[in-house]
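# A closer look at the structure
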Amino acid sequence: MGEEPQEKDAAALVARIDTSVPHPARVWNYWLGGKDNYAPDREVGEEIVKVMPDLPVNARAEREFIGRAVRHLAAECGIDQFLDVGTGIPAADNTHEVAQRVNPGARIVYVDNDPIVLAHARALLTSTPEGASDYVDADLREPAAIVQAAARTLDLSRPTALMLLGVLEFVPDAEQAHSSVRTLLDALPSGSYLAIAHSVRSPSMEDAAAQWNASGATPLTLRTSEQLGAFFDGLDLVEPGLVSLPRWRPEADTSYQDREVFQYGAVGRKR
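With an unreviewed UniProt entry as reference, the chain is termed SAM-dependent methyltransferase, source organism Nonomuraea terrae.

Printed below as a string of C-alpha coordinates:
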(Lines give C-alpha, C1' and ligand atoms only; values in the text may rest on other atoms or scores of the structure.)
Protein backbone atom coordinates (compact mmCIF):
# COMPACT_ATOMS: atom_id res chain seq x y z
CA MET A 1 0.00 0.00 0.00
CA GLY A 2 1.26 3.46 -0.77
CA GLU A 3 0.60 6.66 1.10
CA GLU A 4 -3.16 7.06 1.46
CA PRO A 5 -4.57 9.93 -0.61
CA GLN A 6 -6.63 11.04 2.39
CA GLU A 7 -3.41 12.17 4.02
CA LYS A 8 -3.35 15.07 1.55
CA ASP A 9 -4.57 18.40 2.83
CA ALA A 10 -8.38 18.14 2.90
CA ALA A 11 -9.00 21.86 2.46
CA ALA A 12 -6.80 22.02 -0.65
CA LEU A 13 -8.63 19.02 -2.10
CA VAL A 14 -12.07 20.55 -1.56
CA ALA A 15 -10.88 23.83 -3.08
CA ARG A 16 -10.02 22.01 -6.31
CA ILE A 17 -13.55 20.64 -6.73
CA ASP A 18 -15.95 22.83 -8.69
CA THR A 19 -19.48 21.41 -8.71
CA SER A 20 -20.88 24.35 -10.68
CA VAL A 21 -19.65 23.10 -14.06
CA PRO A 22 -20.10 19.64 -15.61
CA HIS A 23 -17.29 17.22 -15.06
CA PRO A 24 -16.39 14.21 -17.26
CA ALA A 25 -16.07 11.69 -14.41
CA ARG A 26 -19.34 12.81 -12.83
CA VAL A 27 -21.31 12.82 -16.11
CA TRP A 28 -19.95 9.33 -16.88
CA ASN A 29 -20.99 8.33 -13.38
CA TYR A 30 -24.50 9.65 -14.08
CA TRP A 31 -24.77 7.65 -17.31
CA LEU A 32 -23.68 4.56 -15.39
CA GLY A 33 -26.50 5.10 -12.91
CA GLY A 34 -24.23 6.27 -10.09
CA LYS A 35 -24.91 8.85 -7.42
CA ASP A 36 -21.62 10.76 -7.42
CA ASN A 37 -22.84 13.63 -9.60
CA TYR A 38 -24.48 17.04 -9.34
CA ALA A 39 -27.21 18.98 -11.13
CA PRO A 40 -24.86 20.48 -13.81
CA ASP A 41 -23.57 16.99 -14.60
CA ARG A 42 -27.07 15.56 -14.93
CA GLU A 43 -28.23 18.50 -17.04
CA VAL A 44 -25.45 18.23 -19.62
CA GLY A 45 -25.78 14.44 -19.52
CA GLU A 46 -29.45 14.73 -20.47
CA GLU A 47 -28.75 17.33 -23.18
CA ILE A 48 -26.13 15.09 -24.77
CA VAL A 49 -28.43 12.07 -24.66
CA LYS A 50 -30.97 14.08 -26.69
CA VAL A 51 -28.54 14.26 -29.62
CA MET A 52 -26.82 10.91 -28.97
CA PRO A 53 -29.20 8.56 -27.13
CA ASP A 54 -26.56 5.82 -27.00
CA LEU A 55 -24.07 7.72 -24.82
CA PRO A 56 -25.07 5.75 -21.70
CA VAL A 57 -24.55 2.62 -23.83
CA ASN A 58 -20.98 3.79 -24.54
CA ALA A 59 -20.36 4.21 -20.83
CA ARG A 60 -21.71 0.78 -19.93
CA ALA A 61 -19.89 -0.89 -22.83
CA GLU A 62 -16.62 0.60 -21.62
CA ARG A 63 -17.15 -0.71 -18.09
CA GLU A 64 -17.74 -4.20 -19.47
CA PHE A 65 -14.69 -3.91 -21.73
CA ILE A 66 -12.51 -3.11 -18.71
CA GLY A 67 -13.59 -6.34 -17.07
CA ARG A 68 -13.00 -8.50 -20.15
CA ALA A 69 -9.64 -6.89 -20.95
CA VAL A 70 -8.33 -7.22 -17.39
CA ARG A 71 -9.54 -10.82 -17.11
CA HIS A 72 -7.88 -11.71 -20.41
CA LEU A 73 -4.62 -10.04 -19.44
CA ALA A 74 -4.53 -11.62 -15.98
CA ALA A 75 -5.81 -15.10 -16.86
CA GLU A 76 -4.59 -15.67 -20.42
CA CYS A 77 -1.49 -13.47 -20.62
CA GLY A 78 -0.19 -13.90 -17.08
CA ILE A 79 -0.07 -10.17 -16.37
CA ASP A 80 -0.04 -9.37 -12.67
CA GLN A 81 0.78 -5.64 -12.80
CA PHE A 82 -1.57 -2.92 -14.06
CA LEU A 83 -1.00 0.82 -14.53
CA ASP A 84 -4.48 2.32 -14.92
CA VAL A 85 -4.27 5.96 -16.06
CA GLY A 86 -7.44 8.04 -16.08
CA THR A 87 -9.16 6.02 -13.42
CA GLY A 88 -12.47 7.86 -13.08
CA ILE A 89 -14.85 7.58 -10.14
CA PRO A 90 -14.72 4.05 -8.68
CA ALA A 91 -17.51 1.75 -9.83
CA ALA A 92 -18.23 -1.95 -9.65
CA ASP A 93 -15.42 -4.24 -10.80
CA ASN A 94 -12.51 -1.84 -10.78
CA THR A 95 -9.24 -3.03 -12.31
CA HIS A 96 -7.75 -4.32 -9.04
CA GLU A 97 -10.92 -6.23 -8.14
CA VAL A 98 -11.05 -8.03 -11.49
CA ALA A 99 -7.30 -8.73 -11.60
CA GLN A 100 -7.10 -9.95 -8.01
CA ARG A 101 -10.01 -12.34 -8.48
CA VAL A 102 -7.79 -14.03 -11.09
CA ASN A 103 -4.51 -13.55 -9.22
CA PRO A 104 -4.71 -12.36 -5.61
CA GLY A 105 -1.09 -11.22 -5.85
CA ALA A 106 -1.76 -8.72 -8.65
CA ARG A 107 -0.47 -5.18 -8.12
CA ILE A 108 -2.31 -2.13 -9.45
CA VAL A 109 -1.50 1.57 -9.61
CA TYR A 110 -4.32 3.97 -10.44
CA VAL A 111 -3.53 7.42 -11.83
CA ASP A 112 -5.78 10.47 -12.12
CA ASN A 113 -5.36 14.21 -11.64
CA ASP A 114 -8.99 14.79 -10.74
CA PRO A 115 -9.86 15.88 -7.19
CA ILE A 116 -13.27 14.23 -7.53
CA VAL A 117 -11.59 10.88 -8.19
CA LEU A 118 -9.01 11.53 -5.49
CA ALA A 119 -11.80 12.12 -3.01
CA HIS A 120 -13.15 8.63 -3.77
CA ALA A 121 -9.77 6.92 -4.01
CA ARG A 122 -10.12 4.97 -0.76
CA ALA A 123 -12.43 2.60 -2.69
CA LEU A 124 -9.51 1.87 -5.04
CA LEU A 125 -7.14 0.86 -2.26
CA THR A 126 -8.93 -2.25 -0.99
CA SER A 127 -6.27 -4.68 -2.13
CA THR A 128 -5.94 -8.33 -1.20
CA PRO A 129 -3.25 -8.98 1.44
CA GLU A 130 -1.13 -10.74 -1.19
CA GLY A 131 -1.32 -7.93 -3.75
CA ALA A 132 -1.14 -4.15 -3.71
CA SER A 133 -3.22 -1.20 -4.87
CA ASP A 134 -2.05 2.41 -4.91
CA TYR A 135 -3.32 5.75 -6.21
CA VAL A 136 -1.17 8.45 -7.83
CA ASP A 137 -2.36 12.04 -8.22
CA ALA A 138 -0.81 12.82 -11.61
CA ASP A 139 -1.61 13.93 -15.18
CA LEU A 140 -1.31 11.82 -18.35
CA ARG A 141 0.39 14.82 -19.98
CA GLU A 142 3.29 14.39 -17.51
CA PRO A 143 4.16 10.73 -18.11
CA ALA A 144 7.63 10.82 -16.56
CA ALA A 145 6.08 11.72 -13.20
CA ILE A 146 3.66 8.80 -13.57
CA VAL A 147 6.50 6.37 -14.24
CA GLN A 148 8.46 7.61 -11.23
CA ALA A 149 5.46 7.33 -8.90
CA ALA A 150 4.26 3.97 -10.26
CA ALA A 151 7.69 2.45 -9.64
CA ARG A 152 7.06 2.69 -5.90
CA THR A 153 4.44 -0.08 -6.20
CA LEU A 154 5.14 -1.84 -9.51
CA ASP A 155 8.31 -3.57 -10.69
CA LEU A 156 8.59 -1.89 -14.07
CA SER A 157 11.27 -4.34 -15.19
CA ARG A 158 8.48 -6.94 -15.40
CA PRO A 159 5.60 -7.02 -17.93
CA THR A 160 2.85 -4.56 -17.03
CA ALA A 161 -0.49 -3.65 -18.60
CA LEU A 162 -0.94 0.05 -19.35
CA MET A 163 -4.66 0.87 -19.27
CA LEU A 164 -5.84 4.09 -21.01
CA LEU A 165 -9.61 3.79 -20.91
CA GLY A 166 -11.67 6.87 -21.73
CA VAL A 167 -8.79 9.26 -21.04
CA LEU A 168 -7.02 10.00 -24.35
CA GLU A 169 -10.14 11.88 -25.52
CA PHE A 170 -9.15 14.60 -23.08
CA VAL A 171 -5.68 15.10 -24.58
CA PRO A 172 -6.64 16.99 -27.75
CA ASP A 173 -3.15 17.54 -29.14
CA ALA A 174 -2.23 14.43 -31.13
CA GLU A 175 1.52 14.90 -30.74
CA GLN A 176 1.21 15.26 -26.98
CA ALA A 177 -1.10 12.24 -26.73
CA HIS A 178 1.28 10.04 -28.73
CA SER A 179 4.30 11.32 -26.79
CA SER A 180 2.66 10.46 -23.47
CA VAL A 181 1.75 6.95 -24.61
CA ARG A 182 5.25 6.37 -26.01
CA THR A 183 6.92 7.56 -22.81
CA LEU A 184 4.80 5.25 -20.68
CA LEU A 185 5.33 2.27 -22.99
CA ASP A 186 9.08 2.94 -23.23
CA ALA A 187 9.24 2.51 -19.44
CA LEU A 188 7.76 -0.99 -19.72
CA PRO A 189 9.58 -4.12 -20.93
CA SER A 190 8.82 -6.47 -23.79
CA GLY A 191 5.75 -8.55 -23.05
CA SER A 192 3.85 -5.60 -21.61
CA TYR A 193 0.43 -4.62 -22.96
CA LEU A 194 -1.44 -1.46 -23.92
CA ALA A 195 -5.24 -1.32 -23.62
CA ILE A 196 -7.17 1.67 -24.97
CA ALA A 197 -10.86 2.55 -25.10
CA HIS A 198 -11.75 5.76 -26.92
CA SER A 199 -14.74 7.57 -28.42
CA VAL A 200 -14.68 7.51 -32.23
CA ARG A 201 -16.21 9.79 -34.80
CA SER A 202 -19.69 9.40 -36.20
CA PRO A 203 -22.29 12.06 -37.08
CA SER A 204 -24.15 11.55 -33.82
CA MET A 205 -20.93 11.47 -31.79
CA GLU A 206 -19.82 14.72 -33.43
CA ASP A 207 -23.08 16.32 -32.31
CA ALA A 208 -22.66 14.93 -28.81
CA ALA A 209 -19.06 16.18 -28.59
CA ALA A 210 -20.13 19.66 -29.72
CA GLN A 211 -22.82 19.69 -27.03
CA TRP A 212 -20.29 18.51 -24.47
CA ASN A 213 -17.67 21.11 -25.40
CA ALA A 214 -20.25 23.91 -25.35
CA SER A 215 -21.11 23.04 -21.74
CA GLY A 216 -17.83 24.31 -20.31
CA ALA A 217 -16.70 20.83 -19.32
CA THR A 218 -13.18 19.58 -20.01
CA PRO A 219 -12.97 19.57 -23.84
CA LEU A 220 -13.45 16.23 -25.57
CA THR A 221 -11.69 15.26 -28.81
CA LEU A 222 -13.00 12.46 -31.02
CA ARG A 223 -10.65 10.43 -33.22
CA THR A 224 -11.19 8.15 -36.18
CA SER A 225 -10.53 4.44 -35.84
CA GLU A 226 -7.41 4.95 -37.99
CA GLN A 227 -6.13 7.68 -35.66
CA LEU A 228 -6.83 5.46 -32.68
CA GLY A 229 -5.07 2.53 -34.30
CA ALA A 230 -1.90 4.62 -34.65
CA PHE A 231 -1.38 4.43 -30.88
CA PHE A 232 -0.71 0.70 -31.38
CA ASP A 233 1.98 1.14 -34.05
CA GLY A 234 4.78 -1.33 -33.33
CA LEU A 235 2.61 -3.48 -31.07
CA ASP A 236 1.01 -6.83 -31.84
CA LEU A 237 -2.76 -6.48 -31.56
CA VAL A 238 -4.64 -9.12 -29.60
CA GLU A 239 -7.48 -10.62 -31.62
CA PRO A 240 -9.92 -9.27 -32.78
CA GLY A 241 -7.93 -6.03 -33.04
CA LEU A 242 -9.48 -2.57 -32.86
CA VAL A 243 -13.28 -2.91 -32.77
CA SER A 244 -16.46 -1.53 -31.27
CA LEU A 245 -16.15 -2.42 -27.58
CA PRO A 246 -18.90 -5.09 -27.36
CA ARG A 247 -17.15 -6.97 -30.19
CA TRP A 248 -13.85 -7.27 -28.32
CA ARG A 249 -13.76 -10.88 -27.10
CA PRO A 250 -17.43 -10.88 -26.05
CA GLU A 251 -18.64 -13.23 -23.36
CA ALA A 252 -22.08 -14.80 -22.97
CA ASP A 253 -23.38 -11.88 -20.91
CA THR A 254 -21.71 -9.07 -22.89
CA SER A 255 -24.24 -6.33 -23.63
CA TYR A 256 -24.90 -4.56 -26.97
CA GLN A 257 -23.33 -7.17 -29.24
CA ASP A 258 -26.06 -6.51 -31.79
CA ARG A 259 -25.24 -2.84 -32.37
CA GLU A 260 -22.41 -0.53 -33.37
CA VAL A 261 -21.14 1.28 -30.28
CA PHE A 262 -18.98 4.29 -31.13
CA GLN A 263 -16.59 3.54 -28.32
CA TYR A 264 -13.74 1.49 -29.75
CA GLY A 265 -10.99 -0.44 -28.07
CA ALA A 266 -8.04 -2.74 -28.51
CA VAL A 267 -5.25 -4.45 -26.61
CA GLY A 268 -1.73 -4.68 -28.00
CA ARG A 269 1.43 -6.51 -26.85
CA LYS A 270 4.83 -4.85 -26.80
CA ARG A 271 7.40 -6.85 -28.72
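Read on for the rest.
### Section: the overall build of the chain
Each helix and strand in the chain was counted, giving ten helices and eight strands. Here the C-alpha atoms of the chain give a radius of gyration of 17 Å, agreeing with the 18 Å that 2.2 N^0.38 yields for 271 residues. Taking the principal axes of its C-alpha atoms as reference, the chain extends roughly 45 × 45 × 35 Å. The 271 residues of the chain split such that 52% are buried. Long-range contacts, defined as pairs at least 24 residues apart, comprise 73% of the intrachain contacts of the chain with a sequence gap of at least 6.

### Brief notes about helix 9 (residues 203–214)
Spanning twelve residues, helix 9 covers 17 Å between terminal C-alpha atoms, matching the ideal 16 Å at 1.5 Å per step. Among the structural elements, helix 2 (24–31), helix 3 (39–51), helix 4 (55–76) and strand 5 (193–199) are those in contact with the buried residues of helix 9. Just beyond helix 9, the residue with positive phi is Gly216, at close to 95°.

### Here we look at the packing of aromatic side chains
In this structure the tally under the stated criterion is two aromatic pairs. Ring plane angle 65° and centroid distance 5.8 Å describe the contact between Trp28 and Trp31, whose orientation is recorded as edge-to-face. A residue pair is termed a helical-turn pair when its members lie 3 or 4 positions apart in one helix, as Trp28 and Trp31 do in helix 2 at three residues. For Trp31, a relative accessible area of 5% corresponds to the buried category. Taking 5.4 Å as the distance between ring centres and 80° as the angle between the ring planes, the aromatic pair formed by Phe65 and Trp248 counts as edge-to-face. In this pair, Phe65 sits in helix 4 while Trp248 sits in the loop between strand 7 (243–244) and strand 8 (263–270), placing the two residues 183 residues apart along the sequence. Each member of the pair, Phe65 together with Trp248, is buried. Lying over the aromatic face of Trp248, Arg249 brings its terminal NZ or CZ to 5.8 Å of the ring centre.

### Some words on the pattern of salt bridges
Throughout the structure, instances matching the rule amount to nine salt bridges. Note that Asp41 is salt-bridged to Arg26, the shortest N-O span being 2.6 Å. In this pair, Asp41 is assigned in helix 3 and Arg26 in helix 2, connecting sequence segments 15 residues apart. Of the residues examined, Asp41 reaches a relative accessible area of 0% and is grouped as buried. On the accessibility criterion, Arg26 (1% relative accessible area) is buried. For Arg71, the salt bridge goes to Glu251, with nearest N and O atoms at 2.9 Å.

### So, the packing of helix 2 against helix 3
Relative to each other, helix 2 and helix 3 sit at 65°, their axes nearing to 9 Å. Judged on the interaxial angle alone, helix 3 and helix 2 are roughly perpendicular. In the packing of helix 2 onto helix 3, the handedness of the crossing is right-handed. In this structure, helix 2 uses Arg26, Val27, Tyr30 and Trp31 to contact helix 3, whose residues at the interface are Asp41, Arg42, Val44, Gly45, Glu46, Ile48 and Val49. Here the contact of helix 2 with helix 3 is built from residues that sort into six nonpolar, one polar and four charged.

### Focus: the nonpolar core
In a soluble, globular protein the nonpolar side chains are often hidden away together inside. Counting 37 residues, the largest nonpolar core has Phe65, Leu73, Phe82, Tyr135, Met163 and Val267 as its most contacted members. Of all elements in the fold, only helix 4, helix 5 (95–102), strand 2 (107–112), helix 6 (115–119), strand 4 (161–165) and strand 5 reach the threshold of two or more residues within this core. At eight residues, helix 4 tops the list of elements feeding residues into this core. Judged by nonpolar contacts, the second largest core, of 32 residues, contains Val109, Leu228, Phe231 and Leu235.

### Re helix 5
Because an α-helix packs 3.6 residues into every turn, residues spaced three or four apart end up facing the same way. Listing the buried residues of helix 5 in full gives Thr95, His96, Val98, Ala99 and Gln100. Its buried side turned inward, helix 5 meets helix 4, strand 1 (81–85), strand 2 and strand 3 (132–137).

### Examining the environment of Ala145
Note on placement: Ala145 falls in helix 7 (residues 143–150). On the accessibility criterion, Ala145 (36% relative accessible area) is partly exposed. Residues Ala145 and Trp212 lie 67 residues apart in sequence; the distance between their C-alpha atoms is 29 Å.

Reading guide: rules and limits
Residues numbered from 1 in each chain as written. Predicted model: local features only at pLDDT ≥ 70, side-chain atom pairs only at ≥ 80, totals over all residues. Heavy atoms only, no water. Helix = DSSP H or I, 4+ residues; strand = E, 2+ residues; numbered from the N terminus. Rg over C-alpha atoms; globule rule 2.2 N^0.38 Å. Buried < 20%, exposed > 50% of the residue type's maximum accessible area, 1.4 Å probe, protein only. Contact = heavy atoms within 4.5 Å. Expected span 1.5 Å × (residues − 1). Phe/Tyr/Trp six-rings, centres within 6.5 Å; stacked < 30°, edge-to-face > 60°. Lys NZ or Arg CZ within 6 Å of the ring centre and 35° of its normal. Salt bridge = Lys/Arg side-chain N within 4 Å of Asp/Glu carboxyl O. Axes fitted to C-alpha atoms, helices over the stretch in contact; angles between N-to-C directions. Parallel < 35°, antiparallel > 145°, perpendicular 65-115°, else oblique. Left-handed = near helix turned anticlockwise from the far one by under 90°. Nonpolar A, V, L, I, M, F, W, Y, C, P; charged D, E, K, R; others polar. Core = buried A, V, L, I, M, F, W, Y, C linked by side-chain atoms within 4.5 Å.

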